[in-house]
Structures are given as C-alpha cells and as structure tokens.
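Chain by chain, the residues run as shown.
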Amino acid sequence: MKKVLFLLSVSVILAACTHSEQKLIKTEEIPTEFKFSDLNYYVNMQTVTKDEKISPKYISKIDSINPYGFGFHCTANKLHGGKMSGVNVKTRYYFPVEGDVSIICTVSKKDSVLFWEAYRLNVKNGLKKWSDAENTFNFKKTYSGDEMLMVYLWAPKGNKAYMEELMVTPKE
C-alpha cells in the first residue's frame, strides 16, 4: 500500500507543483521521501485497489458502493505560486460496461461553493480499454487564499469505472 500512496502522491504533487509553462523540474526538487502527512491532500483513498485483470498498476475503483473516485484537494495558497485561475486535469479511465462518470472540479470556502464544474468522460473511448481524458477548468476569478480546490471522479448513477492516473496542474 505504501508503494501505491507514494506513486499517487508523487504524480499529483508533481503536477500540482509544476508551473503551467511546464518548466523543467530539477532532480533535487523531486521528493525522495514519502510522508504520511502528505495524505491530507488526497480523498477517497478507500477506492484504491489492485486488479491485474484491469491494470498492472494500482487503480481507483468507482461503483455503487464508492461513487467518488480517488481525488486531490488543497488550498489555493499551498499550490505553486500561491494562486490559481483554473486547473488542467488529466486522467486515464476504463469502463467495463457503459456508464456515466465525470471529472469534478470544485473550489469552496467554508460552507460556500465558489466554483463547481463537471467534465463528462467519453464512455465510447474508454469502453473495455484504457483511454486518456484531459480538461481545463477555467475559474471566473483567481483564488489565492484558503479556498479549497478539490478534483475527483464521480459516477452519479453508481456506474462501474476505473481510474489509473490523476494529474492536476494549477493555472496561475
């Protein structure tokens, strides 16, 4: 399980900490040590599983029991540059049968939702095969304080789907 958490954390942290202009990351900037305190940036860890029939990698299983897939959350001021005007999200997904699954992006502050948008995954592209999806969520304003960004996959009807990767890159 530590390997799963490490791989997922490295991909999400590197994506979140990378400047939108894709500056090169120096080797010494890549985390060499995994800390369990980093788990505070992830949601729905109970969905992470291993199923060799679907993928040799660790995956997030979305179904009627867990309709919310693995996700990332962090305050705007902790992201690269301390501000965000949007995020670019990339994921790999797989549908064993036809279904309805979306990438959800929210920004909230205390009890108020400031931004909510869904990007529906193309079931035909991911039916019984892995497919890539990418979407940019553009916010109406730039956030730089304690606003909470959350990105995850959601199956509103409890359809079965799998997610292999999730990369979130904030836009300044």
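Higher on the page you've got the structure.
Summary of the structure given here.

Thresholds applied
Residues numbered from 1 in each chain as written. Predicted model: local features only at pLDDT ≥ 70, side-chain atom pairs only at ≥ 80, totals over all residues. Heavy atoms only, no water. Phe/Tyr/Trp six-rings, centres within 6.5 Å; stacked < 30°, edge-to-face > 60°. Lys NZ or Arg CZ within 6 Å of the ring centre and 35° of its normal. Pairing = 2+ DSSP bridges. Helix = DSSP H or I, 4+ residues; strand = E, 2+ residues; numbered from the N terminus. Buried < 20%, exposed > 50% of the residue type's maximum accessible area, 1.4 Å probe, protein only. Contact = heavy atoms within 4.5 Å.

## Here we look at the packing of aromatic side chains
In this structure the tally under the stated criterion is 8 aromatic pairs. An aromatic cluster is present here, built from Tyr68, Tyr152 and Trp154 joined pairwise through their rings. Over the ring of tyrosine 58 we find lysine 50, and its NZ or CZ is 4.7 Å from the ring centre.

## Describing the sheet that holds strand E9 (residues 148-154)
Strand pairing in a sheet takes place through backbone hydrogen bonds and is either antiparallel or parallel in direction. Read across the sheet, 5 strands follow the order E1-E4-E9-E6-E7 without closing on themselves; strand pairing throughout is antiparallel. Edge strands, defined here as strands with exactly one partner in the open sheet, are strand E1 (42-43) and strand E7 (112-120).

## Overview of the side chain of threonine 106
Within the secondary structure, threonine 106 sits in strand E6 (residues 102-109). Here threonine 106 falls in the buried class, since its relative accessible area comes to 11%. Discounting residues that sit within four places of it in the chain, threonine 106 has contacts with Phe115, Trp116, Met148, Leu149 and Met150.

## Re unusual backbone geometry
Within the chain, asparagine 44 stands out as a residue other than glycine whose phi angle is a positive 60°. The residue asparagine 44 is located in the loop between E1 and strand E2 (48-51) in this model. The backbone phi angle of lysine 128 is positive, close to 60°, even though this residue is not glycine. In this fold, lysine 128 is placed in the loop between helix H2 (123-126) and strand E8 (131-143). We classify lysine 128 as exposed; its relative accessible area is 59%.

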